[in-house]
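Now for the letters of each chain:
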Amino acid sequence: TEAQTLQNVSTISNGVAPAKHWKIVCIDDSQTMLNEISRFLEREDFSVMTINEPLKALMKIISFRPNLILLDVGMPNIDGYKLCSLIRKYSAFRDTPIVMVTGNKGLIDRARAKLAGATDYMTKPFTQFDLLTMIFRYLS
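The notes below deal with the structure included here.

## Points about the overall build of the protein
A count of helical and extended segments in the protein gives six helices and five strands. Starting at the N terminus and ending at the C terminus, the protein contains elements arranged as α-β-α-β-α-β-α-β-α-β-α. The burial tally for the protein puts 44% of its 140 residues in the buried class. Accessible area for the protein stands at about 7,400 Å²; split by element, carbon and sulfur atoms hold 53% of it.

Shown next, in the form of C-alpha cells:
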C-alpha cells in the first residue's frame, strides 16, 4: 500500500536499513541521468548497476540478476520498448519489475510500454522520493 511505501522510504531516510539488499539495474544512454539515479539511490540499501550502452545491457543483466530494472525509452541503436521485450523473453526475468523511464507523458507511450512487457512507467523529471516510491511499490 501507499502507506507502507511511505514508511519504507522514511525508515530508509532515517538511516535504518531494510533487511534486504536489493539489486537495481538502470539502463539509459544519458550518463547524466544514470549519475542522478545512482545519487538518488546511493544512501539506500541498494546495489546499483548503471548501463549506458543498451546493446550490452542484456548480457550484463543476465550476470547481475537484478530485482528491478529502470529502463529508458529513447536510446540509440535499440529503444527501451525493444530491449524490454528482449529481457522478457528470458524466463529468469519474466517476473522482474521493469519500469520504463521517459520524458514522454502520452497514453500511447504508456500503452507501448505495457505491450513491451513493462511493469510500470515513470516520467522525467522525477524526485528522489518519486523514484523510491516507485521502487518500493515493487520490492516491498
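More follows now that the structure is in view.
## A word on helix α4 (residues 80-88)
Along α4, the positions that sit buried rather than exposed are Gly80, Tyr81, Leu83, Cys84, Ile87 and Arg88. Each buried residue of α4 sits inside an arc of 165° when the element is viewed along its axis, so together they form one side. Looking at the buried positions of α4, the neighbouring elements they touch are β1 (22-27), α3 (54-64), β3 (68-72), β4 (98-102) and α5 (107-116). A side-chain oxygen of the first residue of α4 lies 3.1 Å from the backbone nitrogen of Tyr81; this N-cap is Asp79.

## Focus: the pairing of β4
Looking down a regular strand, the side chains alternate between one sheet face and the other. For β4, the tally of buried residues reaches five of five residues, placing the bulk of the element in the interior. Examined bridge by bridge, β3 and β4 share four bridges and lie parallel to one another. Within the sheet, the bridge partner assigned to Leu70 lies in β4 and is Val99. Running through α4, the crossover from β3 to the neighbouring parallel element β4 is right-handed. The pairing of β4 with strand β5 (residues 120-123) spans four bridges and is classified as parallel. When the bridges of β5 are listed, Thr102 appears paired with Thr123. In this view, the connection linking β4 to its parallel neighbour β5 by way of α5 has right-handed handedness.

## Focus: helix α2 (residues 31-41)
Among all positions of α2, only Met33, Leu34, Ile37, Phe40 and Leu41 are buried. One side of α2 holds all its buried residues, which, seen down the axis, span an arc of 125°. In the core, the buried residues of α2 are packed alongside β1, β2 (46-51), β3 and α6 (128-139).

## Some thoughts on the nonpolar core
Counting residues in each nonpolar core, the largest one holds 23 residues, and the members touching the most others are Ile27, Ile61, Ile69, Leu71, Leu83, Ile87 and Met100. Within the residue set of this core, elements represented by two or more residues are β1, α3, β3, α4, β4 and α5. Counting residues in each nonpolar core, the second largest holds 21 residues, with Ile37, Phe40, Leu70 and Met122 among its members.

## Quick word on the pattern of salt bridges
With the rule as written, the count across this model stands at six salt bridges. Between Glu36 and Arg39 there is a salt bridge, and its shortest N-O distance comes to 2.8 Å. You can see Glu36 and its partner Arg39 sitting in helix α2, three residues apart, about one turn around the helix. Using a relative accessible area of 30% as the deciding quantity, one classes Glu36 as partly exposed. Each of Asp28, Asp72 and Lys124 takes part in salt bridges that share partners, so that together they form one network.

## Things to note about the sheet that holds β1
In spatial order, the strands read β2-β1-β3-β4-β5; together these five strands make up an open sheet with parallel pairing. The open sheet has two edge strands, β2 and β5, and neither has a second partner. Strand-to-strand, the axes of this sheet are offset by a mean angle of 20°, without reference to chain direction. Relative to β3, β1 runs parallel, the two being bridged by four bridges. Opposite Ile24, over in β3, you have Leu68 as the bridge partner. Lying over the sheet, α2 contacts β1, β2 and β3, oriented at roughly 180° with respect to β2. Against the sheet, α4 engages β1, β3 and β4, with an angle of about 175° to β4.

So, how was this worked out
- Residues numbered from 1 in each chain as written.
- Predicted model: local features only at pLDDT ≥ 70, side-chain atom pairs only at ≥ 80, totals over all residues.
- Heavy atoms only, no water.
- Helix = DSSP H or I, 4+ residues; strand = E, 2+ residues; numbered from the N terminus.
- Buried < 20%, exposed > 50% of the residue type's maximum accessible area, 1.4 Å probe, protein only.
- Areas by Shrake-Rupley, 256 points an atom, 1.4 Å probe, with all protein chains shown as cover.
- Arc of directions from axis to C-beta.
- Contact = heavy atoms within 4.5 Å.
- Polar contact = N/O pair within 3.5 Å; in protein donor to acceptor, adjacent residues only side chain to side chain.
- Pairing = 2+ DSSP bridges.
- Right-handed = clockwise from strand over helix to strand, strands pointing away.
- Core = buried A, V, L, I, M, F, W, Y, C linked by side-chain atoms within 4.5 Å.
- Salt bridge = Lys/Arg side-chain N within 4 Å of Asp/Glu carboxyl O.
- Axes fitted to C-alpha atoms, helices over the stretch in contact; angles between N-to-C directions.

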